[in-house]
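Here are the chains, one letter per residue:
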Amino acid sequence: MWQFRKILLPFSWLYGWVIRLRHLLYDKGFIKAKSYSIPIICIGNLSVGGTGKTPMTEYFINLLKTDFNIAVLSRGYKRKSKGFLLADQKTTVEMLGDEPFQYYTKFKGVHVAVDADRQHGIETLQKLCNPDCVILDDAFQHRKVVAGMNILLTTYNDLYVDDLLLPAGNLRDVVNRADNADVIVVTKCPEKLSKEDKDLVTKRIGLCQHQKIYFSKIVYSTLIYSERERHSLAFLKGKTFTLVTGIANPQPLTSYLESLGLVFEHIDYPDHHHFSEKEIGILKERSLILTTEKDYVRLKGRVDNLFFLPIHNEFLFEEGGDFDHEVLNYIKKA
């Protein structure tokens, strides 16, 4: 696969020149970016997906929702609607997109909106909701908005410094854009990451003077959930079940389930996949299905015997308190 993608390097160079020209136009002021009086937190990455933006966004929601009136603004990737949309009881997952719909159904009292035009989205949220803070989900590439705090995510086993631009690699932006991040979070780290390995990754990334780095891991719930039931993961032992995923990188999940001694069939769909009626018909033939929380919001009500396994983000080296303090301090000072 790598040998094939090397053939695409000239296209990556061309793509890189286009991206650098765009950044230059913003940096020189030929294209205007806009700042806002309220705190704007941008969570994003340089690659095409799979860095853990959803659990990180949920981490921020949990951190802020009790003390602040917060709004989450996303593009709403692959949604079947246009323009600005603020989620309400009539909103469907097709209208909003899977990740924003997950936030809306999971966190009551949090404003969730989608808009490809982030400036328009923020200004409309200010009029409708008057939030204390706006979380921009997956907006590191969107230069039209100047965020007060930029959080850049990169996975432990696929650091952006080791990757190439599309199509030869998986980067959708140039590596030096990482210099604009205030905080870099290395996600999906091993359970027992050593201090030595942490220091090696930090050196490999090469922080700017103003930046801080944190390391986090994905934690899987000990329970699985359906619309009306919940069970321990042990419920799946000895059972014939099907794992259905429509995420960027299902490998950590499959490895985790296999480590528990579970045996399953895995049906892997592309990220943000819209399930056709034919595919739903195939899934209905399965006696028991386990899926991710993001896929669950797209399959709920269409497939029987459907369970999902929640995940959450957790910081390593007991640095979660420092991270929380940094975020809260930014909001209070903004």
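Just so it is clear, the model here is predicted, and its values are computed rather than measured.

Draft legend 1. Geometry of the overall build of the protein chain. Helices and strands together make up the secondary structure of the protein chain, namely 11 helices and 15 strands. What you see for the protein chain is a C-alpha radius of gyration of 20 Å, in line with the 20 Å of a compact globule of 334 residues. Counting only C-alpha atoms, the protein chain reaches 60 × 50 × 40 Å along its principal axes. Relative to its full complement of 334 residues, the protein chain shows a buried share of 52%. Partitioning the contacts of the protein chain with sequence separation of at least 6, the portion at a separation of at least 24 is 74%. Accessible surface, the protein chain as shown: approximately 16,800 Å² in total, 53% of it carbon and sulfur. Distance between charge centroids for the protein chain: 4 Å, based on 44 positive and 41 negative side chains.

Draft legend 2. Seen up close, the packing of aromatic side chains. In the structure shown here, the tally under the stated rule is 13 aromatic pairs. Ring centres of Phe-60 and Phe-323 lie 5.6 Å apart, and the angle between their planes is 80 degrees; this geometry places the pair in the edge-to-face category. Of this pair, Phe-60 sits in helix α3 (residues 53-64) while Phe-323 sits in helix α11 (residues 320-333), and the two are 263 residues apart along the sequence. Phe-323 gets classed as buried once you look at its relative accessible area, which sits at 1%. A centroid spacing of 4.6 Å and a plane angle of 45 degrees characterise the contact between Tyr-296 and Phe-308, whose relative ring orientation is tilted. Residue Tyr-296 is located in helix α10 (residues 293-299), and its partner Phe-308 is located in strand β14 (residues 306-309); the two are separated by 12 residues in the primary sequence. Considered together, Tyr-296 and Phe-308 belong to a single accessibility category, that of buried residues. An aromatic cluster is defined as three or more aromatic residues linked by ring pairs; in this entry it consists of Tyr-59, Phe-60, Tyr-214, Phe-315 and Phe-323.

Draft legend 3. The domain arrangement of the protein chain, seen in detail. Splitting the protein chain by domain gives domain 1 (1-68 + 132-219 + 315-333) and domain 2 (223-309). The gap between the C-alpha centroids of domain 1 and domain 2 is 29 Å.

Draft legend 4. Geometry of the environment of His-274. Here His-274 lies in the loop between β12 (264-268) and α9 (277-284). Along the chain, His-274 and His-111 lie 163 residues apart, while their C-alpha atoms are 24 Å from each other. Apart from residues no more than four positions distant in its own chain, His-274 is found in contact with Lys-78, Lys-80 and Glu-279.

Draft legend 5. Representation of unusual backbone geometry. The omega torsion of the bond from Leu-166 to Pro-167 falls at 0 degrees, within 30 degrees of zero and hence cis. With respect to the secondary-structure elements, Pro-167 resides in the loop between β6 (149-155) and β7 (183-187). With a phi close to 50 degrees, Asn-130 is a non-glycine residue in the positive phi region. Here Asn-130 lies in the loop between α6 (118-128) and β5 (133-137). Using a relative accessible area of 57% as the deciding quantity, one classes Asn-130 as exposed. Not every positive phi belongs to a glycine, and Phe-317 is a case in point at roughly 60 degrees. As for its placement among the helices and strands, Phe-317 is situated in the loop between β15 (311-315) and α11. When its relative accessible area of 31% is taken as the criterion, Phe-317 is described as partly exposed.

Draft legend 6. Highlighting the sheet that holds strand β8 (residues 212-220). Taking strand neighbours across the sheet as the criterion, the nine strands line up as β3-β4-β2-β5-β1-β6-β7-β8-β15 in an open arrangement whose pairing is mixed. Pairing within the sheet leaves two strands with one partner each, and these edge strands are β3 (85-86) and β15. In the packing of α6 onto the sheet, contacts are made with β1 (40-45), β2 (70-74), β3, β4 (111-114) and β5, and the angle to β2 comes to roughly 155 degrees.

Draft legend 7. Summary view of the pairing of β14. Of the two faces of β14, the one carrying Leu-306 and Phe-308 and the one carrying Phe-307 and Leu-309 are both buried. As judged from the four bridges shared by strand β13 (residues 289-292) and β14, these two strands associate in the parallel manner. Of the residues in β14, the one forming a bridge with Thr-292 is Leu-309. In this region the chain leaves β13, passes through α10 and returns to the parallel neighbour β14; the handedness of that crossover is right-handed.

Draft legend 8. Local environment of the pattern of salt bridges. Tallied over the entire structure, the rule returns 19 salt bridges. In this structure, Arg-298 and Asp-98 form a salt bridge, with 3.0 Å as the shortest nitrogen-oxygen distance. Within this pair, whereas Arg-298 is found in helix α10, its partner Asp-98 is found in helix α5 (residues 98-106), the two being separated by 200 residues in sequence. A relative accessible area of 6% places Arg-298 in the buried class. Among the ionic pairs, Lys-294 bridges to Glu-99, the shortest N-O distance being 3.3 Å.

Basis of the calculations
Residues numbered from 1 in each chain as written. Predicted model: local features only at pLDDT ≥ 70, side-chain atom pairs only at ≥ 80, totals over all residues. Heavy atoms only, no water. Helix = DSSP H or I, 4+ residues; strand = E, 2+ residues; numbered from the N terminus. Rg over C-alpha atoms; globule rule 2.2 N^0.38 Å. Buried < 20%, exposed > 50% of the residue type's maximum accessible area, 1.4 Å probe, protein only. Contact = heavy atoms within 4.5 Å. Areas by Shrake-Rupley, 256 points an atom, 1.4 Å probe, with all protein chains shown as cover. Lys, Arg positive; Asp, Glu negative; His and termini not counted. Charge placed at Lys NZ, Arg CZ, Asp CG, Glu CD. Phe/Tyr/Trp six-rings, centres within 6.5 Å; stacked < 30°, edge-to-face > 60°. Domains from an automatic or database assignment. Pairing = 2+ DSSP bridges. Axes fitted to C-alpha atoms, helices over the stretch in contact; angles between N-to-C directions. Right-handed = clockwise from strand over helix to strand, strands pointing away. Salt bridge = Lys/Arg side-chain N within 4 Å of Asp/Glu carboxyl O.

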